Amino acid sequence: MSLARGRGRRPVAATQAIPSITLAPLRPAHAPAIVRWLGDPVVSANLGLRSRPTLVRTRAFIAGSNTAAVCARAILLGAHHVGTVVLDQIDRHIGRARLHIYIGDAEARGHGVGKRAVALALALAFDELDLHKVWLTVHERNAGAIRTYESVGFAIEGRHRSEFLLDGERVDELYMGVLRSTVQVRKSARRRR
Ligand SMILES: CC(C)(COP(=O)(O)OP(=O)(O)OC[C@H]1O[C@@H](n2cnc3c(N)ncnc32)[C@H](O)[C@@H]1OP(=O)(O)O)[C@@H](O)C(=O)NCCC(=O)NCCS
């Protein structure tokens, strides 16, 4: 999928100006693209992957991607699969889950897709799974991801010193979280505008 880019670092297209962004259950047909994307150093280094995924392991992940503890979704831009968002470590007692995301299709990055997909994953977590909090970790140099998370309500809650290996270099990892109440307040404020 080709999307117009601006001259600067910020994308020209707002979410509303591009095809609709939706989440769909992961299917075996998504596996080849996932394996390809997780082999892209931009994705693998920022996620902190320790090994290269295989088709067999990815199919097994997809088979177990909709359980009490894991809820993984394909990110669709119109009809095109462009990435994956995952809620895992779902803890019903505390009411929390961890979030991961990547936009695997490089052309789809920087156009509001990640922000919208995280917002949809939060709606899934809070409205459907009835959770209280979503948390994640991100290395301190991943400015785009940090901005994406902040833009939907995540706040930095802690710093894990030297807990991320980025191309062999130890960097700090940030712990970020968002509460259901924060998202609800932001939604109400938008409705009043
Ligand atoms: C991080 C990622 C999911 C963000 O998705 P995206 O579609 O590229 O981001 P968006 O276009 O939705 O941008 C969301 C916000 O971040 C900002 N942003 C995006 N990339 C940026 C960058 N490189 N530097 C600074 N800000 C950036 C946007 O301007 C936007 O801010 P705004 O809400 O104030 O306008 C995506 O770039 C990605 O998958 N990267 C590789 C894998 C990765 O890092 N995953 C996260 C691991 S924790």
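The following paragraphs examine the structure supplied in this document. The shown structure was predicted, so the numbers you read here are calculated from the model rather than taken from an experiment.

1. Description of the sheet that holds strand E5 (residues 133-139)
Two pairing modes exist for strands in a sheet, parallel and antiparallel, and in both the strands are linked by backbone hydrogen bonds.
1) Next: Here we have 7 strands laid out as an open sheet, ordered E1-E2-E3-E4-E5-E7-E6, and mixed in their pairing. Whereas interior strands pair on both sides, the edge strands pair on one side only; in this sheet they are strand E1 (21-25) and strand E6 (155-166). Taken pair by pair, the neighbouring strands of this sheet meet at an average axis angle of 30°, ignoring direction.
2) Next: Pairing geometry for E1 and strand E2 (residues 71-77), over 5 bridges, is antiparallel.

2. Side note on the packing of helix H1 (residues 31-38) against helix H3 (residues 55-63)
1) Next: Two numbers describe how H1 lies on H3: the axes approach to 9 Å, and their chain directions differ by 120°. Accordingly, the angle class assigned to the pair H1 and H3 is oblique. Viewed along their axes, H1 and H3 form a crossing whose handedness is right-handed. In this structure, H1 contributes Ala 31, Pro 32, Ile 34 and Val 35 to the contact, and H3 contributes Leu 55, Thr 58, Arg 59 and Ile 62.

3. Examining the site of the ligand
1) Next: Residues in contact with the ligand amount to 25 residues; listed here are only the nearest, Asn 46, Gly 114, Lys 115, Gly 144 and Ser 151.
2) Next: Among the elements of the structure, helix H2 (41-47), strand E4 (96-103), helix H4 (113-128) and helix H5 (143-151) are those that each provide at least two residues to the shell around the ligand.
3) Next: With 6 residues, the top contributor of residues to the shell around the ligand is H5.
4) Next: A class-by-class count of the residues in the shell around the ligand yields 11 nonpolar, 9 polar and 5 charged.

4. Brief notes about the nonpolar core
1) Next: Ranked by internal contacts, the top residues of the largest apolar core, which has 40 residues, are Ile 75, Val 113, Ala 117, Val 118, Ala 121, Leu 122 and Ala 125.
2) Next: Every element with two or more residues in this core is listed here: H1, E2, strand E3 (80-91), E4, H4, E5, H5 and strand E7 (169-179).
3) Next: Here the element with the most residues in this core is H4; it accounts for 7 residues.
4) Next: Not counting residues within four places of it along the chain, the set of residues in contact with Leu 122 comprises Val 134, Val 152, Val 178 and Val 183.

Calculation notes
Residues numbered from 1 in each chain as written. Predicted model: local features only at pLDDT ≥ 70, side-chain atom pairs only at ≥ 80, totals over all residues. Pairing = 2+ DSSP bridges. Helix = DSSP H or I, 4+ residues; strand = E, 2+ residues; numbered from the N terminus. Axes fitted to C-alpha atoms, helices over the stretch in contact; angles between N-to-C directions. Parallel < 35°, antiparallel > 145°, perpendicular 65-115°, else oblique. Left-handed = near helix turned anticlockwise from the far one by under 90°. Contact = placed C-beta atoms within 7 Å. Near = placed C-beta within 6 Å. Nonpolar A, V, L, I, M, F, W, Y, C, P; charged D, E, K, R; others polar. Core = buried A, V, L, I, M, F, W, Y, C linked by C-beta atoms within 7 Å. Buried ≥ 20, exposed ≤ 12 C-beta atoms within 10 Å, placed from the backbone.

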